[in-house]
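Structural description and commentary
Now for the letters of each chain:
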Amino acid sequence: MLLLRLQKPKYRNALFLLLWVGIGFALRFMNLAGKPPWTDEFATLVFSLGNTFKSVKLDQIITANDLLQPLIVNPQHGVGQAINSLIHEDHHPPIYFALANLWGRWFSAPGQLVSLGVMRSLPALCGVFSIPAIYYLARLTFSSNLIAQLSALMMAVSPYGIFISQEARHYTMAVLFVIASLGCLVMAAKNLVNRRSLPWRISLLWVGINTLGMGIHYFFILTLAAQILVLIYLGWQYRKNWLNIGKFLTQWRGILIAVIGTMAGSLVWLQLWLYSRDDQMTEWLRNSDRSFLDFINPIFQSVATWVTMVYLLPIEGPNLGVMIFFIVIMVSSLLGWLLPLLYRGIKQGLSNLETNQGITLIGGFTIASVGIFFAIAYLLGMDITRGARYNFVYFPAVIVLVGVSLSYFWRQSTTINFPIPQPFNWQNIKLQYQGRNAVVIVLSLGLLSGLTVATNLGYQKYYRPDILIPIIQANSTQPIIIATTHNTLVQTGEMMGIAWEWQRSYNTPPPRYLLAHQQQRECQGDNCAASKTLSQQIEKLPQPLDLWLINFQAPVKLSNCALTKVDAQGVNWVNGYGYKLYKCNQNSRFK
């Protein structure tokens, strides 16, 4: 009986979709808690628990337990406390943090450090849910199970999708709402084509989805802006109907309800954003000097992110030679084969009446989104392309377009010639393959790419205390003090990363910490508060001791401490941490 059921298309589709979900689940939960958390994740952990960074004392020597105190699970801190802490210390909307508060308190031990695996599992599950969600979006758009299945499989193995799924952040939850909102956009477009009004139930659903999406991440507004541009384009296509006002209002009534309702719902989050915004937290996005690099960086950063939505080899491994090898292979295969392949599939899809409208709609949304990113970078001077994670705004649309492209080749049973362009073809080679073989190769590369991210050989965490701590231990024989300049919670998170990793992975006595506060991140001259704090605090301590300055952005003036070379080659930086070692004892003199 089961075999007979599996022969029916709907059961086969369900079985394949379940298989893709299983693959996506395995990739997203692989090594989930093995990677060290970084500053943004620490912000999520602290605020989701209803705790505060203000409990970490500044300008004095503290222990690792003092530094990690905001990460202790307090069962008395409910959703209200989490939202209150977030609003007063951070600049993100509260919906994800409220859900993470419930999630963390349900699955973490009270009075203990919160479980990193637990807090990352919520976005990982959202990433898994995005697989069936993208399936239904693609099927709704193109009425094709093949395109829907290929889109779902690409979502399952997408290295970018796995990257944001393994972050204790809100991006994958936002992706779900982007998918849902795009589904409403597709229904609106189909009704316009058929000269019908969007049903009011769909309009209200669209308003609810958009309003909640804004409450998960403020950049969801970029998704809404791109949809508005698509709707303007659709309106221009059907501009002949404008002459008949009654007919125009009838057809556009549901869409106008959705637009007006979304604007009204977003006003709540706009007020919250104005209340909690902090320009210091977004200063890293600002183009300061409008240099040549500021001009070309958004382009290269965007292209790099687009590529990793589909394909990423182990280019961040520990061996430089292996890294260079994979970089060469990746660049040559991308420019010489993969990107031309996908372009050819999209081009063929545009010539097909069954897929033309869907590609125009989803492709138009993608182009509009990218245009908005570039407009913000070049016109407003805020380079949001620096954060690859922000591309969640249109990530689902890219996956659907890849699914459409691959579907063209899957239907090909004849041999396809595909010449490799110069300069990557040194011997005039031509690739020949069956259409389905090309799809299998792309999906296999996607699976390898997913494993690359899961094993931390691609899309590595921005901070690597697991690399820094062995360096500290190899060069220190005395009690250790780790000091940094403090400006915002970002620097607290940097130090938390070291303390967290030390406590998790090492049995040696932990160091103590000093967060020397100053108003600017960097300070020069004789009036730097951090310099004075460092000198005063070190002089109080018994010596000898080893002082490690990590990301310390102020002049150093210490009478009994000598700068010591850590590495024979003078290397003093590792994945987010710039370091210097000072040996302090009564016989030392500052150099």
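Structure: above.
The paragraphs below set out a description of the structure included in this document. Everything numeric here is computed off the predicted structure, so don't read it as measured data. What you see as residue numbers is a count from 1 along each chain, following the sequence as written. Note on the predicted model: pLDDT of at least 70 is required for a residue's local features to be given, and 80 or more for side-chain atom pairs to be given and counted; whole-chain, interface and lining totals, by contrast, use all residues. No hydrogens and no water enter the side-chain calculation; it runs on all heavy atoms of the structure.

**Topic: the packing of helix H10 (residues 171–193) against helix H12 (residues 220–237)**
Geometry is summarised by axes, namely lines fitted to C-alpha atoms with helices restricted to the contacting stretch, and by angles between N-to-C directions that run from 0 to 180 degrees. Working definition: helices are DSSP H or I runs of at least four residues, strands are E runs of at least two. Numbering for both runs from the N terminus. Where H10 meets H12, the closest approach of the two axes is 11 Å, and the angle between their N-to-C directions is 10 degrees. When the axes of H10 and H12 are compared, the pair comes out roughly parallel. In contact with Ala174, Phe177, Val178, Ser181, Leu182, Leu185, Ala189 and Leu192 of H10, H12 contributes Phe220, Thr223, Leu224, Gln227, Val230, Leu231 and Leu234. Gly is placed with the polar residues, together with every amino acid not listed as nonpolar (Ala, Val, Leu, Ile, Met, Phe, Trp, Tyr, Cys and Pro) or charged (Asp, Glu, Lys and Arg). Among the residues forming the contact of H10 with H12, the class breakdown is 12 nonpolar, 3 polar and no charged. An angle below 35 degrees is treated as roughly parallel, one above 145 as roughly antiparallel, one from 65 to 115 as roughly perpendicular, and anything else as oblique. For this analysis, residues touch if any pair of their heavy atoms sits within 4.5 Å.

**Regarding the state of the cysteines**
The criterion for a disulfide is a pair of cysteine sulfur atoms lying within 2.5 Å. The full count for this structure, using the stated rule, is 1 disulfide. The disulfide partner of Cys561 is Cys584, and the S-S distance across this bridge is 2.0 Å. The sign of the 110 degrees torsion about the S-S bond sets the Cys561-Cys584 disulfide as right-handed. Linking Cys561 in strand E7 (residues 561–564) with Cys584 in strand E9 (residues 577–584), this pair joins segments that are 23 residues apart in sequence. Taking relative accessible area as the criterion, Cys584 reaches 1% and is therefore assigned buried. Buried residues are those whose accessible area, probed at 1.4 Å on protein chains only, stays under 20% of the maximum for their type, while exposed residues exceed 50% and partly exposed ones sit between those limits.

**Regarding the packing of H12 against helix H13 (residues 245–276)**
At a minimum axis distance of 13 Å, the contact between H12 and H13 shows a crossing angle of 155 degrees. Judged by the angle between their axes, H12 and H13 are roughly antiparallel. Classified by chirality, the crossing of H13 by H12 is left-handed. On H13, the residues touching Leu224, Ile228, Leu231, Leu234 and Gly235 of H12 are Trp252, Ile255, Val259, Thr262 and Ser266. Two helices crossing with the near one rotated counterclockwise from the far one by less than a right angle form a left-handed crossing, whereas a clockwise rotation gives a right-handed crossing.

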